[in-house]
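As a plain string of letters, each chain reads:
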Amino acid sequence: MCQQLTEASSCPSLFNQLTLPDHATQLNKVMTLWRGRMPRSYDPISVWADLSAWRQFIYGTITRFIQPMLNNETNPDSPPPAAEILEKMHSEQAWLLNEFAQTARIQHQYRVCIDKLNKHYELPNIQSSDGFVKLMENARCHYAHPSELEKGLAMLNKTNIGLFSVPQKVEFFSLKGQFLTKLGQFDEANRAFSTATQNGMGHADVWAAWGQYNEDLFLTRQEMELGVYALNCYIQASNIYRSAKSRPYIAKIIYLLNLDDAKGSLAESLEPHKSNLPVWYWIFFIPQLLNSMTQRSAPLLKFILLQIAKFHPQALFFNMSTAREEYSILRTLAKQPDGEESDSDVYKQAWDCLSDIADSIKIHMPLFSMSAVIFLDALSNCPKPTPTEELYQLTSMLANESIMLLCNRASRSENLLAAYNFPRLSSCLKLLPPGQAREAFEVDFIHSPPQPARFCFPHAAMAGPL
């Protein structure tokens, strides 16, 4: 409502400017301001409906106001041609309808989307760019319904793409390839994606769609060649974006590398591109890279981690230190009693790779490495409890266990606490300073193992059995 009141307050000056010689410039400024003052795509569709109805009313009023001026265009004393304003109004109406239809489709209100797109036929003429957006939105509505895929594909096949620009042709063939993929026509879909990339090599969306097509086929057919194609497409998409949008495709690259075969086909296909990867966006996947060091693609991932360590060592060092300790423990646990090693070699390989990266940081950034090691040592020592805290923790645990034994009638006959607690009691005794407290602790907990009733109710236990 506030937005409509704001626009209504500017309408009188807008109509007054239509009679001025520079009316076209002033009108363009107002329309540009209105285009930037649109609701969000997640706003309720009723908000969009109210704003659309209001602006359509304003556009229609301006059109009726300008219509009589068309007969005076031959008069030299009249304002500039009114046909320019009419064309601008038709373009604004088409743009508004497309924006409304796109929002309705995003909110899965496909009937509303189709109804708004059909109102384009009420306009005398629209620009080719508005017509292309209408076509794409209409096709995406059909794509969302499996029963209407054939209808949507037929609509795309009947379209004359001669008037479209190169980016529009790229988007057209990409959407056509998605339709063909969903219909199971994989060869035709592959040709459509190929045509799209040939028309525009620098469009990341097309490479991402083609990569998704190859990935789905790779997971279904288990053909490594399709996995290589998918990996190359995702690499192209991430390299073109070089922004936050590249993160989903980096995640897919790591996922596909974990599915590599014994020959390392996927890792080998990534080798030519490893020097051109956007390293700063691989920082978000440091935990995944460290966990994948046991895979066949470990040498390639090691190179990526080395690049991260070269430019962003503070983002890698602490995660890498934790991973080294984990791999060292896993290697020890993986050793078999007879001396043979199974997974131990894999964990040793991962540990060696991370050690090489740590050595590289020490060589190139010795001051940072020394400071980080000191910080890790201090951090590992700080969480250790003091003797008083450890004693309090142990006695609290014994008290809780005693209460549980007393509350359980079946266990009342077993009046002793768990035996594994007594060695810890002996170690706690050494922490206490000499004095009355130490002597009382030794009498109550060491000389005679404490019973649950005596531990929880000492005065009652002194008086007699419960």
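- Per an unreviewed UniProt entry, the protein is named Transcription-associated protein 1, and its organism is Entomophthora muscae.

### Notes on the confidence of the model for the protein
Right, on to step 1. Looking at the protein as a whole, the pLDDT averages 82, with 82% of positions reaching at least 70.
Right, on to step 2. Counting contacts from residues 410-415, a segment whose pLDDT is below 50, to residues more than four positions away or on other chains yields 7 contacts.

### Observations regarding unusual backbone geometry
Right, on to step 1. Positioned with a positive phi, Gln222 is a non-glycine residue whose angle comes to about 60°.
Right, on to step 2. Within the secondary structure, Gln222 sits in the loop between α10 (204-221) and α11 (224-241).
Right, on to step 3. Assessed through its relative accessible area of 56%, Gln222 is described here as exposed.
Right, on to step 4. Backbone geometry at Arg242 places phi at a positive 50°, although glycine is not the residue there.
Right, on to step 5. With respect to the helices, strands and loops of the structure, Arg242 is situated in the loop between α11 and α12 (247-257).
Right, on to step 6. Its relative accessible area of 31% is what places Arg242 among the partly exposed residues.

### Side note on helix α5 (residues 110-118)
Right, on to step 1. All of the buried residues in α5 are Tyr110, Cys113, Lys116 and Leu117. The arc that holds every buried residue of α5, seen down its axis, measures 125°, which confines them to one face.
Right, on to step 2. Structurally, α5 contributes buried residues whose contacts are with α3 (45-66), α4 (83-106) and α6 (128-143).

### Structural notes on the packing of aromatic side chains
Right, on to step 1. Scanning all chains against the criterion turns up 18 aromatic pairs.
Right, on to step 2. Between the aromatic rings of Tyr241 and Tyr249, the centroid separation amounts to 6.0 Å while the plane-to-plane angle is 5°, which identifies the pairing as stacked.
Right, on to step 3. For Tyr249, a relative accessible area of 16% gives the class buried.
Right, on to step 4. Over the ring of Phe284 we find Arg247; its NZ or CZ atom is 3.8 Å from the centre of that ring.
Right, on to step 5. Directly above the aromatic system of Phe303 lies the positively charged group of Lys274, at a separation of 4.5 Å from the ring centroid.

### Quick notes on the packing of α3 against α4
Angle between the axes and distance between the axes are the two parameters that describe a pair of packed helices.
Right, on to step 1. Close contact between α3 and α4 brings their axes to 10 Å; oriented N to C, the two are set at 170°. By the criterion of interaxial angle, the relationship of α3 to α4 is roughly antiparallel. Here α3 contributes Ile45, Trp48, Ala49, Ser52, Arg55, Gln56, Tyr59, Ile62, Thr63 and Ile66 to the contact with α4, which in turn contributes Ile85, Leu86, Met89, Glu92, Gln93, Leu96, Leu97, Glu99, Phe100, Thr103 and Ala104.
Right, on to step 2. Looking at the contact of α3 with α4, its residues break down into 13 nonpolar, 5 polar and 3 charged.

Conventions we followed
Residues numbered from 1 in each chain as written. Predicted model: local features only at pLDDT ≥ 70, side-chain atom pairs only at ≥ 80, totals over all residues. Heavy atoms only, no water. pLDDT = per-residue confidence, 0-100. Contact = heavy atoms within 4.5 Å. Helix = DSSP H or I, 4+ residues; strand = E, 2+ residues; numbered from the N terminus. Buried < 20%, exposed > 50% of the residue type's maximum accessible area, 1.4 Å probe, protein only. Arc of directions from axis to C-beta. Phe/Tyr/Trp six-rings, centres within 6.5 Å; stacked < 30°, edge-to-face > 60°. Lys NZ or Arg CZ within 6 Å of the ring centre and 35° of its normal. Axes fitted to C-alpha atoms, helices over the stretch in contact; angles between N-to-C directions. Parallel < 35°, antiparallel > 145°, perpendicular 65-115°, else oblique. Nonpolar A, V, L, I, M, F, W, Y, C, P; charged D, E, K, R; others polar.

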